[in-house]
Amino acid sequence: MKIYDWPTGPYPARVRIALAEKNLLSGVEFVPVNLWKGEQRKADFLAKNYSGTLPVLELEDGTCLAECTAITVYLDALVGEPTLTGRTPLEKGVIHMMTKRAEIEMLDAISVYFHNATPGLGPDVERDQNREWGLRQRDRALRGMHYFDAVLRKQPFIAGDAFSMADIAVIGGFIFASAVKLPVPQECEALLA
Ligand SMILES: N[C@@H](CCC(=O)N[C@@H](CS(=O)(=O)O)C(=O)NCC(=O)O)C(=O)O
């Protein structure tokens with residue numbers, strides 16, 4: 001397998017963590033796509049992922065899979081333990097819901113802040129910034145951190161009793177928050193722990 005990503009990227013980290021959990025890292029060739037130069041917006045990369053984002057998984061036959069959640073679902077189905085996307089129908093549903101919620105309420109919100117209310121990837125890449133929207137999404141992410149803190153005061157992991165794809169998405173949020181120097185509120189003790 002080939003993974004097109006950027007070594008320090010928050011979203012790429014989600015797939016790298018999943019690969020490590022599944023003990024699949026040795027079978028992967030990582031191909032760096034330089035975000036800072038806008039390589040993800042070039043035609044040859046867009047042919048692999050219409051959305052022009054990283055990571056993208058490319059199989060031997062050229063099939064390309066984008067979107068961290070989709071790639072993780074594929075990897076989880078590929079090899080057995082440990083399960084990252086749930087065993088029972090309910091576990092699968094809860095993990096999917098909490099992964100999506102981690103994106104909407106934390107990770108994606110921080111990404112919007114980065115691209116809109118900071119210099120982001122630079123003027124050549126950031127074509128249409130909306131500072132107000134970026135600041136509103138930053139505030140949404142801070143509210144999301146309090147939500148996930150409340151979740152972790154009640155249960156050991158984001159989707160319940162076991163580590164899952166949802167925890168990995170929240171970790172992606174931490175990585176992005178750190179990258180943009182958005183501190184996790186000190187009162188979010190369970191989340192910080
Ligand atoms: N919904 C996508 C989002 C992926 C994403 O935004 N990736 C970032 C990489 S990183 O910020 O995490 O390093 C990207 O490609 N950004 C480039 C761009 O937005 O042009 C997913 O879940 O995979």
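Described in the following lines is the structure provided in the data block. Since this is a predicted model, take the numbers as computed values, not measurements.

### Some details on the overall build of the chain
Counting its regular elements, the chain contains seven helices and four strands. For the chain, the sequential pattern of α-helices and β-strands runs β-α-β-α-β-β-α-α-α-α-α. For 193 residues, the compact-globule estimate of 2.2 N^0.38 gives 16 Å, and the C-alpha radius of gyration of the chain, at 17 Å, lies within 12% of that figure. Considered along the principal axes of its C-alpha atoms, the chain spans approximately 45 × 45 × 25 Å. Considering the chain as a whole, with its 193 residues, one finds that 47% of them fall into the buried category. Intrachain contacts of the chain at a sequence separation of at least 6 include 63% that bridge at least 24 residues.

### Quick notes on unusual backbone geometry
With an omega dihedral of 5°, the bond running from Leu-54 to Pro-55 counts as a cis peptide bond. Of note, Pro-55 is situated in the loop between helix H2 (43–46) and strand E3 (56–58). With omega at -15°, the peptide bond leading from Glu-81 into Pro-82 counts as cis. Topologically, Pro-82 is positioned in the loop between helix H3 (68–78) and helix H4 (89–117). Although it is not a glycine, Asn-23 sits at a positive phi angle of roughly 60°.

### Quick notes on the layout of surface pockets
Size it by volume and the largest pocket reaches roughly 920 Å³. Along the walls of the largest pocket sit 32 residues, with Tyr-11, Thr-53, Leu-54, Ser-111 and His-115 positioned nearest its centre. Elements with a minimum of two residues in the lining of the largest pocket: helix H1 (10–21), H3, H4 and helix H6 (165–179). At eight residues, H4 tops the list of elements feeding residues into the lining of the largest pocket. Counted by class, the lining of the largest pocket contains 14 nonpolar, 11 polar and seven charged residues. Contributing to the lining of the second largest pocket are 13 residues, with Gly-86, Glu-91, Ile-95, Ala-162 and Phe-163 lying nearest its centre. Split by residue class, the lining of the second largest pocket holds six nonpolar, four polar and three charged.

### Examining the site of the ligand
Among the 15 residues in the neighbourhood of the ligand, the closest are listed as Tyr-11, Gln-40, Arg-41, Leu-54 and Glu-67. A distance of 2.8 Å separates a nitrogen atom of the ligand from a polar backbone atom of Leu-54. At 3.1 Å, a backbone N or O of Cys-68 approaches an oxygen atom of the ligand. If the ligand stood free it would expose 550 Å²; the protein chains cover 88% of that surface. When residues of the shell around the ligand are assigned to their parent elements, the largest contribution, four residues, is made by H1.

### Examining the pattern of salt bridges
One pass over the structure, following the stated rule, counts nine salt bridges. The residue Glu-103 makes a salt bridge to Arg-14 at a minimum N-O spacing of 2.9 Å. In this pair, Glu-103 is assigned in helix H4 and Arg-14 in helix H1, connecting sequence segments 89 residues apart.

Rules and cut-offs
Residues numbered from 1 in each chain as written. Predicted model: local features only at pLDDT ≥ 70, side-chain atom pairs only at ≥ 80, totals over all residues. Heavy atoms only, no water. Helix = DSSP H or I, 4+ residues; strand = E, 2+ residues; numbered from the N terminus. Rg over C-alpha atoms; globule rule 2.2 N^0.38 Å. Buried < 20%, exposed > 50% of the residue type's maximum accessible area, 1.4 Å probe, protein only. Contact = heavy atoms within 4.5 Å. 1 Å grid on protein atoms, 1.4 Å probe; cavity = no way out; pocket = protein on both sides within 12 Å on 5 of 7 lines; lining within 4 Å. Points joined across faces, edges and corners; volume = space filled by probe spheres on them. Nonpolar A, V, L, I, M, F, W, Y, C, P; charged D, E, K, R; others polar. Near = heavy atom within 4 Å. Polar contact = N/O pair within 3.5 Å; in protein donor to acceptor, adjacent residues only side chain to side chain. Areas by Shrake-Rupley, 256 points an atom, 1.4 Å probe, with all protein chains shown as cover. Salt bridge = Lys/Arg side-chain N within 4 Å of Asp/Glu carboxyl O.

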